[in-house]
Amino acid sequence: MTDNTIVQEKVMDTVNTAEKAEEKTLIGIKDYDFFYGDKQVLFDVNMDIPEKQIVSFIGPSGCGKSTLLRNINRMNDLVDGVRHNGDIAINGQSNYDPHLDVISLRRRVGMVFQKSNPFPKSIYENVVYGLRIAGVKNKAVLDEAVERSLKASFLWEEVKDRLKDSALGLSGGQMQRLCIARAIASGPEIILMDEPCSALDPIATLKIEELIHELKKKYTIVIVTHSMQ
């Protein structure tokens, strides 16, 4: 990678050797280099990320953690002048397959950013935004997705009576959990998190950490963090 190597730490429950041998690789990164224009920022990355585990990229600022994370769902394609060598594959399919629909890829690989970024819409409309973009109009389906996603993000009991209120009226920790609910609502296999607790107070951070450990029962989570905890 860069001079400062990303440290990969798999955070998981204790399992026996046989169970480890049966772990399914969901994301495979092979001989991966990445460039912003002429500047190379990732060098020969090789990594297998197992299904339904939490994998953390831990290292100093500027070592390429967020760059690697954002390439898992090709968010960096939105930056002019980027290029790569090697490959990133999900379930064996290359992210760079010319027949791959990138919008579909981003539905399968949800993203939660460092700073919570709710839309200036109601709590309800924030959660269903991705579904509406995908053409879902059935109110019963949308209602179910809102309740399911808010429950999964530990937010339902706090907001169930004010779903029509603006999401911008939530606290910072609630906003971040809302953004996680929005990512969940589209039915992803993978959730990417880029330092999701860096702007939160200790109590809100604890809630997000508890939520992450609960989510790994259903999702593969890849997280960038400076926190060794």
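Residues numbered from 1 in each chain as written. Predicted model: local features only at pLDDT ≥ 70, side-chain atom pairs only at ≥ 80, totals over all residues. Heavy atoms only, no water.

This next bit is on the overall build of the protein chain. Across its full length, the protein chain holds 8 helices and 9 strands. Within the span of the protein chain, comprising 229 residues, buried residues form 47% of the whole. Surface summary for the protein chain: the accessible area is close to 11,700 Å², and the carbon and sulfur share equals 51%. (Helix = DSSP H or I, 4+ residues; strand = E, 2+ residues; numbered from the N terminus. Buried < 20%, exposed > 50% of the residue type's maximum accessible area, 1.4 Å probe, protein only. Areas by Shrake-Rupley, 256 points an atom, 1.4 Å probe, with all protein chains shown as cover.)

Before going further, it helps to examine the environment of Leu100. Tracing the backbone shows Leu100 in the loop between strand E6 (93-94) and helix H3 (102-108). Classification of Leu100 by relative accessible area gives buried; the value is 15%. In this view, Leu100 contacts Gln93, Ser94, Asn95 and Leu105; residues no more than four positions away in its chain are not counted. (Contact = heavy atoms within 4.5 Å.)

Compared with the 20 Å implied by 1.5 Å per residue over 14 residues, the 20 Å span of helix H7 (residues 172-185) between its first and last C-alpha is a close match. The element H7 is extensively covered by neighbouring structure, given that 13 of its 14 residues are classed as buried. Of the residues flanking the end of H7, it is Gly187, one or two places downstream, whose phi is positive at about 75°. (Expected span 1.5 Å × (residues − 1).)

What follows deals with the nonpolar core. A general trend in soluble globular proteins is that nonpolar side chains are found buried together. One finds Ile27, Ile29, Tyr32, Phe57, Leu68, Leu192 and Val222 to be the most contacted residues of the largest nonpolar core, which totals 26 residues. Every element with two or more residues in this core is listed here: strand E2 (25-36), strand E3 (39-50), strand E4 (54-58), helix H2 (65-71), strand E5 (82-90), strand E7 (109-112), strand E8 (190-194) and strand E9 (220-225). Contacts of Leu192, omitting those with residues within four sequence positions, involve Leu69, Ile72, Asn73, Val109, Gly110, Met111, Val112 and Val222. Ranked by size, the runner-up nonpolar core spans 19 residues in total, among them Ile123, Val128, Leu150 and Trp156. (Core = buried A, V, L, I, M, F, W, Y, C linked by side-chain atoms within 4.5 Å.)

Attention now goes to the sheet that holds E3. On the basis of which strands lie adjacent, the open sheet formed by 4 strands has the order E3-E2-E5-E6 and antiparallel pairing. The open sheet terminates on both sides in strands that have one partner only, identified here as E3 and E6. Relative to E5, E2 is paired through 8 bridges, and the arrangement is antiparallel. Across the sheet, Ile27 pairs through a bridge with Ile90, a residue of E5. (Pairing = 2+ DSSP bridges.)

Nothing here speaks to function; it is geometry throughout.
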